[in-house]
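Single-letter residue listing:
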Amino acid sequence: VGWVDLGRIDSVATLERWAAEHPKLKGIRPMLQDLPDADWIAHAPHPEVMRTLLRLGLRFDALVTPAHLPALRTFVDRYPALPVVIDHAAKPRLAEGWGGRWVDGWRADLQALATRPQVHCKFSGLLTEADAPASATDGAALATVQPVWTHLLDTFGPARLLWGSDWPVLTLATDYGRWVRTGEALIGTLSEAEQAGVWHDNAARFYGLTLDPLTR
């Protein structure tokens, strides 16, 4: 998953060249979380660049925070044929707690986006959004992300959720093993087929990957 400036017409040539030279290119991830304009994705992408993404069969990784979700809804509705995955569950502001002003909008916007069948969501990158005690133990980590998991499961369902490690960024908050155990505790409540989907099959389907059954 690479990056181009979606607002520049010369990105068309870049995408075409990359698609021809790099068959492993599966999608584009603009760094929306770092842009000062939270509405950028709703008005700035060049139509020809977007048509090129669709023509090449590329996917769109939405690296966003709760503030970007309303604009993302506009973007998703403008390009309904574009497969979209929301990275890190839109980075809920866990350090502010569930009484924060971000909560109602985050819940409602994700629920609205989940009604669009082309939109998926990654269960990843959550403990780095919480305070230090939230990842100090397995129990604390589980309690921190349980409400996020519950909302994602209720809105997207198990067929459109993708587990992600967020490694090595997650090491800013905790170790890889703790995040895996947290995932096992939550994803493990699903059926065997649903668990396989969240851990790997949904991602393979979304990005158009072929899984080797010997390495799954």
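Preceding this section is the structure that the text describes.
Keep in mind the model is a prediction, meaning the values are calculated, not measured. By convention here, each chain's residues receive numbers from 1 onward along its written sequence. Two thresholds apply to this predicted model, a pLDDT of at least 70 for residue-level local features and 80 or more for giving and counting side-chain atom pairs, whereas whole-chain, interface and lining totals are computed over all residues. Hydrogen atoms and water are omitted, and side-chain values are computed over all heavy atoms in the structure.

Enquirer: Any chance you could explain the packing of helix 6 (residues 138-156) against helix 7 (residues 176-187) here in plain terms?
Expert: Geometry of a packed helix pair, given as the angle between the helix axes and the separation of the axes. A fitted line through C-alpha atoms represents every axis, and for helices the fit uses only the stretch in contact; the resulting angles, taken between N-to-C directions, go from 0 to 180 degrees. Runs of E in the DSSP output that reach at least two residues are strands. Runs of H or I that reach at least four are helices, and both are numbered from the N terminus. Direction vectors running N to C along helix 6 and helix 7 enclose 50°, while the axes themselves pass 10 Å from each other. Between helix 6 and helix 7, the angle falls in the class oblique. The element helix 6 and its partner helix 7 pack so that their crossing is right-handed. Of the residues in helix 7, those in contact with Asp138, Ala141, Leu142, Val145, Gln146 and Trp149 of helix 6 are Arg178, Trp179, Arg181, Thr182, Ala185, Leu186 and Ile187. Note on residue categories: nonpolar means Ala, Val, Leu, Ile, Met, Phe, Trp, Tyr, Cys or Pro, charged means Asp, Glu, Lys or Arg, and polar means any other residue, Gly included. Among the residues forming the contact of helix 6 with helix 7, the class breakdown is 8 nonpolar, 2 polar and 3 charged. Should an angle lie under 35 degrees it is considered roughly parallel, over 145 roughly antiparallel, and from 65 to 115 roughly perpendicular; all remaining angles are considered oblique. When the near helix sits turned anticlockwise from the far one by under a right angle, the crossing is termed left-handed; a clockwise turn instead gives a right-handed crossing. Residue contacts are defined here by distance: any two heavy atoms, one from each residue, within 4.5 Å place the two residues in contact.

Enquirer: Any chance you could explain the packing of aromatic side chains here in plain terms?
Expert: Centre distance and the angle of the planes are the two values used to describe a pair of aromatic rings. Pairing of aromatic rings covers Phe, Tyr and Trp, the last through its six-membered ring, and needs centres within 6.5 Å; plane angles under 30 degrees mean stacked, over 60 mean edge-to-face, and all others mean tilted. For the coordinates displayed, the defined rule picks out 9 aromatic pairs. Ring centres 5.4 Å apart and planes at 55° place the aromatic pair phenylalanine 75 and tyrosine 79 in the tilted group. For the pair formed by phenylalanine 75 and tyrosine 79, the shared burial category is buried. Taking the centre distance of 5.0 Å and the plane angle of 55° together, the rings of tryptophan 163 and tryptophan 199 count as tilted. Here tryptophan 199 lies in helix 8 (residues 192-207) and tryptophan 163 lies in strand 5 (residues 161-163), a separation of 36 residues in the sequence. The buried label applies to any residue whose accessible area, calculated with a 1.4 Å probe on protein chains only, is under 20% of its type's maximum; exposed applies above 50%, and partly exposed to all values in between. The class for tryptophan 199 is partly exposed, based on a relative accessible area of 25%.

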